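Coordinate analysis (summary)
So the chains spell out like this:
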Amino acid sequence: MFAEEASFGLSARTVVINSGKDRGGIAVARISGVDLPRRKRIEIGLTYIYGIGRSTSKRILTQLDIDPGTKTDDLSESEENRIRKAIGNELKVEGELRTEISMNIKRLMDLGCYRGLRHRRGLPARGQRTSTNARTRKGPKRTAVKKKSAAKKK
């Protein structure tokens, strides 16, 4: 991935970018439009795909009878294809899942139900307190601006 050049005691790092599947001489497993990390176990590598967590990853690998400890580098082409088919047939992942979630939120907002109103206003939707501790949804604090008295009498 990186090429090192040394000249007069200085070293510079340049990123080597190859197009296609081949990156730095080693084929990268690409599943659902995501490049899986090369030197990690496949059980962990699958979690880089949006919509697949540890439990789903384990379930897929046990169904396909693939060892979860196998590194993504060491996967055979047939194993990669089996994983691709299993994910494509059974699960909604990446863009398809993101659109479904956003459509569900839009539906709630259009209905005008409580959860939809909370989403519309950018407030917590699951009953959390908002007088304090809702900074993630509400954004940074806006300090109140004090009004200056218009006419000062002496």
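Residues numbered from 1 in each chain as written. Predicted model: local features only at pLDDT ≥ 70, side-chain atom pairs only at ≥ 80, totals over all residues. Heavy atoms only, no water.

1. Focus on the overall build of the protein
- Along its length, the protein carries 6 helices and 6 strands.
- When burial is assessed residue by residue, the protein has 26% of its 154 residues classed as buried.
- For the protein, the share of sequence-separated contacts (at least 6 apart) that also reach a separation of at least 24 residues comes to 39%.
- Surface summary for the protein: the accessible area is close to 11800 Å², and the carbon and sulfur share equals 52%. (Helix = DSSP H or I, 4+ residues; strand = E, 2+ residues; numbered from the N terminus. Buried < 20%, exposed > 50% of the residue type's maximum accessible area, 1.4 Å probe, protein only. Contact = heavy atoms within 4.5 Å. Areas by Shrake-Rupley, 256 points an atom, 1.4 Å probe, with all protein chains shown as cover.)

2. Overview of the side chain of threonine 70
- Assignment of secondary structure puts threonine 70 in the loop between α2 (54–64) and α3 (77–90).
- Assessed through its relative accessible area of 17%, threonine 70 is described here as buried.
- A polar atom in the side chain of threonine 70 sits 2.9 Å from the backbone oxygen of aspartate 67.
- Apart from residues no more than four positions distant in its own chain, threonine 70 is found in contact with Lys40, Arg41, Ile42 and Leu75. (Polar contact = N/O pair within 3.5 Å; in protein donor to acceptor, adjacent residues only side chain to side chain.)

3. Details of the side chain of threonine 72
- Of note, threonine 72 is situated in the loop between α2 and α3.
- With sequence-adjacent residues up to four places away left out, threonine 72 is seen in contact with Leu36, Pro37, Arg38, Arg39, Lys40 and Ile42.

4. With respect to the packing of α2 against α3
- One way to put it is that α2 packs onto α3 with a least axis distance of 10 Å and a crossing angle of 120°. As far as their axial angle goes, α3 and α2 are oblique. Considering how the two elements wind past one another, α2 and α3 form a crossing that is right-handed. Contacts from Arg59, Ile60, Leu61, Gln63 and Leu64 of α2 reach α3 at Arg82, Ile83, Ala86, Ile87 and Glu90.
- Broken down by class, the residue content of the contact of α2 with α3 amounts to 6 nonpolar, 1 polar and 3 charged. (Axes fitted to C-alpha atoms, helices over the stretch in contact; angles between N-to-C directions. Parallel < 35°, antiparallel > 145°, perpendicular 65-115°, else oblique. Left-handed = near helix turned anticlockwise from the far one by under 90°. Nonpolar A, V, L, I, M, F, W, Y, C, P; charged D, E, K, R; others polar.)

5. Quick word on the pattern of salt bridges
- Applying the stated criterion to the full structure yields 8 salt bridges.
- Between arginine 84 and glutamate 80 there is a salt bridge, and its shortest N-O distance comes to 3.1 Å. With a gap of 4 residues between them, arginine 84 and glutamate 80 both fall in helix α3, about one helical turn apart.
- Residue glutamate 80 is classed as buried on the basis of its relative accessible area, which comes to 8%.
- Bridged by salt links that share partners, the residues Arg41, Glu43, Arg54 and Lys58 form one connected network. (Salt bridge = Lys/Arg side-chain N within 4 Å of Asp/Glu carboxyl O.)

6. Considerations on the packing of helix α4 (residues 94–111) against helix α5 (residues 114–121)
- One can describe the packing of α4 onto α5 by two numbers: an axis separation of 7 Å at closest approach and a directional angle of 105°. Judged by the inter-axis angle, α4 sits roughly perpendicular to α5. Contacts between α4 and α5 involve Ile105, Leu108, Met109 and Asp110 on the former and, on the latter, Arg115, Gly116, His119 and Arg120.
- Here the residues of the contact of α4 with α5 are counted per class, giving 3 nonpolar, 2 polar and 3 charged.

7. Re the nonpolar core
- Among the nonpolar cores identified, the biggest contains 18 residues, and Leu46, Ile49, Ile52, Ile83 and Ile87 are the most heavily contacted of them.
- Contributing elements (two or more residues each) for this core: α2 and α3.
- Once residues within four sequence positions are removed from consideration, isoleucine 52 is found in contact with Leu46, Thr47, Ser57, Ile60, Ile87, Leu91 and Val93. (Core = buried A, V, L, I, M, F, W, Y, C linked by side-chain atoms within 4.5 Å.)

8. As for the confidence of the model for the protein
- Averaged over the protein, the pLDDT score is 81; the fraction of residues at 70 or greater is 79%.
- The low-confidence segment residues 4–23 (pLDDT under 50) makes 27 contacts with residues lying over four places distant or belonging to another chain. (pLDDT = per-residue confidence, 0-100.)

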